[in-house]
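Inside the fold
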Amino acid sequence: MPQSLRNHSTLHPIRTTLLTLFGLLLVAGGVYATNYSLWVNGRSNASAVAGNYADFIYWGPAGTAAGVNKKSVNWDGYNRVSTQNYRIRDALDCYCTGTNWCYIAAHSAGNLQVGYALSLFGGSTRNVKNATPSSAGTCGDAGGTQTGWNIKWVNIAAGAGGGSELSDAGSWAVSEPLVADLKTTTARALYDHNQTRAKWFYMYAGAKGTLYSGILPGQDDEAVAYHSSGGVSGSGGASFCNPSDWFCNDLALGTAANEGGKTKWAYHSVKFRDDTESLNHYTNGNWGGVVSKVRADMEANAR
Amino acid sequence: MRHPGRWSALAVLAVAGAWLLWGQPLQTPSPPSVSDASIPSASPPTSDASTSTEGGGTNGAPFSPAGLAARKQQLALWQQRYDRAEQVYSSYRDATRYPHGSHPISEHPDQVRPFEPVSEDKTLRDASGKAVKGLRLRTTQERVFLGGTESVTFTIEAFDDNNKAVPLLVHQSLAQTIADTSTPVTPIQAPVPFTDDGVGPDSTGSDGKYSARLSPATQGFANHAGTIRLLAQVSANGEQGVAHFDVVYSPVVPATWLGTREAVESGSLNFYLKAQVQVAGRYVVSARVYDGNGKPFALLQFNEQVAAGVAEFKLQLFGALLRDKNPTFPLRLVDVEGFLLRPDAFPDRSMMTRQSGVVHTSDRYGIDRFSSAEWNSEERERYLKEYGRDLQEALDRITALQ
């Protein structure tokens, strides 16, 4: 008898038992935990339908693997962080309460949105929701309350938590409310970036920037500099680079203080530094740029 | 109705079924990168359908070369997951030894001196935003958010690329409101002169550092809640440029401080900041604790709903933190800031008046007055249980694969 068939025959009773158990699991539906992967966009998201968690137009093809049960947390990417933050809190309430847990991925100004939500609302009382959203992006109560949300960790691509020098007059439209929030002084004063309630922010920093190299200090991805994408604490304006640049302080990997002594925000760890200067800021409609690194990590580890 | 959960269960069933029927080793969607050990490789985007789960691989029998290679890949991936799970678990466990609002200030490095001016170095730029090579501006602003009758001081200096001071001229400086709308709104404007004469906001005359002060309540902005932008036209070495400052102003002062008291309660030292609350809502308050040697060692934070009327904001210096750090008494409560958080609005906060410097000095206590018990809460238990489950799973998978 061929080996494969022999095994097949021998395992049959075990398979039957396990299949029965899985069947029972299905019947009992609703009592087990579900993990979700929330994707929080950055600046300029006019084409997406806010509240539609299946709309991945900001990122790329919706069928692309990007973590278990992925959801697109669409905010407009145009107005103030504070006036749009309810979109993020709605999503966190929907998918990250009760027995459900979330992995979070955010891009650019989405860094500010997630940080703002956790720092200022992370200890608030939340209604446990049923993970079934309305068209407005809100979910029904499942009964009970809890403190904060259930978050495993956060991946940040090209984070603008520390703002961007491009928000100063001349580079981006000054009439755009979000641009004012992205000013380095404002972004860094918006909330205590160290207060993540002990959730890790894994930072992915790109360096394929040339267009604004005269304005963005140190290495940049054409929209944000390493001081922001690397989660560096303190004032903006500081230059951080790859180790190959002898004339500029290194952005250190992990949680270590950077060359020159500047530390990172607490619970911020640089997972990826673009030593080959190959990734820019933009998704390019196909999960591109620095987002490609975060997407790969979500696919592998958000499960 | 919990459709997402059901679909997940169906997916699990499908995967398990595939595994059981064909007896293949588990497969993963993307192997760890060889070139970057810290993260998985940036594999080309794959579709959810083709890589949604583990266990669907068909790379050969478990002990075939392909099967062994797949197993090795699996082991590397689970080792990576274990490393992350271990970091997440242990750091959370250690961090939550104290409540989130009572932590060593070393974990909040940029919150130690909240009232120091925000200083930035930036390339000089012309009015169109184009960088002027070889010239940098060093600017400071006393604060970003202000309210009521508070004022804010700004400074500008110019330097060349060798960090040598360059004579600067400030030709014109104007503060104006910035509307958060595309609808045309007549801005409020006021001149805010920069001077280097050692008078008013300028601490030292003729030192090349120009200073200006904006007092929104007395300069025409008393009814404006929102961004005020100060633009200063400057020149240095014959090059023209613009310096650009934003502050967010809210005329309303939602609560006023009334005093501070302390109490040892349940093994912790609690500071109660009394306030007359005019506007109910979520208040965010922070204070630094300095030890008897004048060294900052703790950051205390309050973030709770508060009703109108006389209220006390409780800042807890957690017992275990005191036991662990064993500071010299008396302790000093320093630099208190607070605001009313206004969810879903801009400005998102109404500032209380800053309390700068020493706000309160504690009594002297023996360290044994405080509890060494670590913090506990439903939130902490929930997290440690989940993080611990992830850690155990990774460990089990590694053990099974070895």
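Residues numbered from 1 in each chain as written. Chains lettered and ligands numbered in written order. Predicted model: local features only at pLDDT ≥ 70, side-chain atom pairs only at ≥ 80, totals over all residues. Heavy atoms only, no water.

1. Overview of the overall build of chain B
In plain terms, the rule: Secondary structure elements follow DSSP: runs of H or I of four or more residues count as helices, runs of E of two or more count as strands, with numbering from the N terminus. Each residue's exposure class comes from its accessible area (1.4 Å probe, protein chains only) as a fraction of the maximum for that residue type: buried when under 20%, exposed when over 50%, partly exposed otherwise.
Helix and strand content of chain B: five helices and 18 strands. Here chain B, with 402 residues, has 50% of them falling under the buried criterion.

2. Some remarks on the overall build of chain A
Stated formally: Only heavy atoms enter the contact rule, under which two residues are in contact if any of them lie within 4.5 Å.
Scanning chain A for helices and strands turns up seven helices and eight strands. Going through the 303 residues of chain A one by one, you find that 64% of them count as buried. A separation threshold of at least 6 residues defines the contact pool for chain A, and within that pool the share at least 24 residues apart is 69%.

3. Observations concerning the pairing of strand E11 (residues 255-265) of chain B
Definition in use: Think of it this way: DSSP has to see at least two bridges between two strands before they count as a pair.
For E11 of chain B and strand E12 (residues 268-277) of chain B, the ladder comprises 10 bridges, and the chain directions are antiparallel. When the sheet's bridge partners are listed, Gly259 of chain B is paired in E12 of chain B with Lys274 of chain B.

4. Let's talk about the nonpolar core
For clarity, the cut-off: Residues grouped as a nonpolar core are buried Ala, Val, Leu, Ile, Met, Phe, Trp, Tyr and Cys residues, joined through side-chain atoms within 4.5 Å.
Formed by 92 residues in total, the largest nonpolar core has its most connected members in Leu38, Trp39, Leu92 and Tyr95 of chain A. Per-element accounting of this core gives the leading share, eight residues, to helix H3 (residues 109-121) of chain A. Setting aside chain neighbours within four positions, we find Leu38 of chain A in contact with Lys71, Val73, Ala91, Leu92, Tyr95, Cys96, Cys102, Tyr103, Ile104 and Ala105 of chain A. Of all hydrophobic cores here, the second largest spans 34 residues; its members include Tyr283, Leu331, Tyr365 and Phe370 of chain B.

5. Here's the deal with the sheet that holds strand E6 (residues 151-157) of chain A
All names here are of chain A. Spelled out, the test is: The axes used here are C-alpha line fits, helices contributing only the stretch in contact, and every angle between their N-to-C directions lies in the interval 0 to 180 degrees.
Overall, parallel pairing links the six strands, which are arranged E2-E1-E3-E6-E7-E8 in an open sheet. Since the sheet does not close on itself, it has two edges, and those belong to strand E2 (70-73) and strand E8 (268-273), each with one partner. Across this sheet, the average inter-strand angle for adjacent strands is 20°, counted without regard to direction. Alignment of strand E7 (residues 201-205) against E8, held across five bridges, turns out to be parallel. Among the inter-strand pairings, Tyr204 is bridged to a residue of E8, identified as Phe272. In this fold helix H2 (residues 81-95) packs onto strand E1 (35-40), E2, strand E3 (101-107) and E6, with an angle of close to 170° to the strand it touches most, E1. On the sheet, H3 packs against E1, E3, E6 and E7 and is oriented at approximately 140° with respect to E3.

6. Quick notes on the sheet that holds strand E15 (residues 309-317) of chain B
Residue and element names in this part refer to chain B. Spatial ordering of the open sheet is given by E11-E12-E15, a layout of three strands whose pairing is antiparallel. Edge positions in the sheet fall to E11 and E15, since each has one partner strand and no second. Each strand of the sheet is rotated relative to its neighbour by a mean of 25°, with strand direction disregarded.

7. Description of the pairing of E12 of chain B
All names here are of chain B. Within E12, eight of the 10 residues are buried, which leaves the element mostly enclosed by the surrounding structure. Hairpin geometry of E11 and E12 is characterised by an intervening segment of two residues between the two adjacent antiparallel strands and by a positive phi of about 50° at Ser266. Note: E12 against E15, nine bridges, orientation antiparallel. In the strand pairing of E15, Lys274 is matched with Glu312.

8. Considering the confidence of the model for chain A
For clarity, the cut-off: Values of pLDDT, the confidence the predictor places in each residue, fall between 0 and 100.
For chain A, mean pLDDT is 90; residues scoring 70 or higher make up 88% of the total. Contacts from residues 18-31 of chain A, a stretch scored under 50 in pLDDT, to residues over four places away or in other chains number 12 contacts.

9. What to know about the environment of Ser235 of chain A
To keep things clear, this is the line we draw: A 3.5 Å cut-off defines polar contacts: any pair of N or O atoms within that distance qualifies, except that in protein one atom must be a possible hydrogen donor and the other a possible acceptor, and neighbouring residues in sequence count only when both atoms are side-chain atoms.
Summarising the element assignment, Ser235 of chain A is placed in the loop between helix H6 (226-229) and E8. Distance from Ser235 of chain A to Arg188 of chain A, taken between C-alpha atoms, is 7.3 Å for residues 47 residues apart in sequence. There is a polar contact of 2.9 Å between the side chain of Ser235 of chain A and the backbone oxygen of Ser119 of chain B.

10. Quick look at the side chain of His244 of chain B
Residues and elements named next belong to chain B. Here His244 lies in strand E10 (residues 239-250). Classification of His244 by relative accessible area gives buried; the value is 7%. One polar contact links His244 to Arg229, side chain to side chain, over a distance of 3.0 Å.

11. Some remarks on the packing of H2 of chain A against H3 of chain A
Residues and elements named next belong to chain A. The line we're drawing: Under this scheme an angle from 65 to 115 degrees is roughly perpendicular, one under 35 degrees roughly parallel, and one over 145 degrees roughly antiparallel; angles in between are oblique. Throughout this entry, Asp, Glu, Lys and Arg are counted as charged residues, while Ala, Val, Leu, Ile, Met, Phe, Trp, Tyr, Cys and Pro are counted as nonpolar. The remaining residues, Gly among them, count as polar.
In the contact formed by H2 and H3, the axes pass within 9 Å of each other and the chain directions differ by 80°. Classed by the angle they form, the pair H2 and H3 counts as roughly perpendicular. Here H2 contributes Val81, Ser82, Gln84, Asn85, Ile88, Arg89 and Leu92 to the contact with H3, which in turn contributes Leu112, Gln113, Tyr116, Ala117 and Phe121. Along the lines of polarity and charge, the residues of the contact of H2 with H3 split into seven nonpolar, four polar and one charged.

12. A word on the pattern of salt bridges
Condition: Each reported salt bridge corresponds to a side-chain nitrogen of Lys or Arg within 4 Å of a carboxyl oxygen of Asp or Glu.
Taken as a whole, this structure holds 28 salt bridges over all chains when the rule is applied. For Lys122 of chain B, the salt bridge goes to Glu120 of chain B, with nearest N and O atoms at 3.2 Å. Per residue, the accessibility class of Lys122 of chain B equals that of Glu120 of chain B, and both read buried. Put simply, Lys152 of chain A together with Glu386, Arg389 and Asp390 of chain B are held in one network by salt bridges that share partners.

13. Points about the state of the cysteines
In protein structure, a disulfide is the covalent linkage between the sulfur atoms of two cysteines. All names here are of chain A. Condition: For this text, the term disulfide refers to a pair of cysteine sulfurs within 2.5 Å.
Within the structure shown, the criterion is met by three disulfides over all chains. Residue pairing for Cys94: its cysteine sulfur links by disulfide to Cys139, the two sulfurs lying 2.0 Å apart. Its S-S torsion of about 110° marks the bond between Cys94 and Cys139 as right-handed, since a negative value means left-handed. With a gap of 45 residues between them, Cys94 in helix H2 and Cys139 in strand E5 (residues 139-147) connect regions that are remote in the sequence. Here Cys94 matches Cys139 in class, with each residue buried.

14. Observations concerning the packing of aromatic side chains
Residue and element names in this part refer to chain A. What counts here: Centre distance within 6.5 Å is the pairing criterion for rings of Phe, Tyr and Trp, where only the six-membered ring of Trp is used; planes under 30 degrees apart are then read as stacked, over 60 as edge-to-face, and the remainder as tilted.
This model, assessed by the stated rule, comprises 26 aromatic pairs over all chains. Look at Trp39 and Trp59: their rings are 4.9 Å apart centre to centre, the planes differ by 70°, and that puts the pair in the edge-to-face class. Note that Trp39 is positioned in strand E1 and Trp59 in the loop between E1 and E2, a separation of 20 residues in sequence. Note on Trp39: relative accessible area 1%, which makes it buried. Overall, the relative accessible area of 0% leaves Trp59 in the buried class. Centroid distance Tyr103 to Trp153: 4.8 Å. Interplanar angle 55°. Geometry classified as tilted. In this pair, Tyr103 is assigned in strand E3 and Trp153 in strand E6, connecting sequence segments 50 residues apart. Given a relative accessible area of 6%, Trp153 falls into the buried group. Among the aromatic residues, ring-to-ring pairing joins Trp39, Phe56, Tyr58, Trp59 and Trp287 into one connected group.

15. Thoughts on the packing of helix H7 (residues 291-301) of chain A against helix H3 (residues 65-95) of chain B
Packing of H7 of chain A against H3 of chain B brings their axes to within 11 Å, and their N-to-C directions diverge by 100°. Considering the angle they form, H7 of chain A stands roughly perpendicular to H3 of chain B. Between H7 of chain A and H3 of chain B, the contacting residues are Asp297, Ala300 and Asn301 of chain A on the first element and Leu77, Gln80, Arg81 and Arg84 of chain B on the second. Of the residues belonging to the contact of H7 of chain A with H3 of chain B, the class tally is two nonpolar, two polar and three charged.

16. Considering unusual backbone geometry
Put simply, Phe329 of chain B and Pro330 of chain B share a cis peptide bond, and its omega is 0°. Of note, the amide linkage connecting Phe346 of chain B to Pro347 of chain B takes the cis form, showing an omega dihedral of -5°. Tracing the sequence through the fold places Pro347 of chain B in the loop between strand E16 (332-341) and strand E17 (349-351). One non-glycine residue, Ala131 of chain A, adopts positive backbone phi at about 60°.

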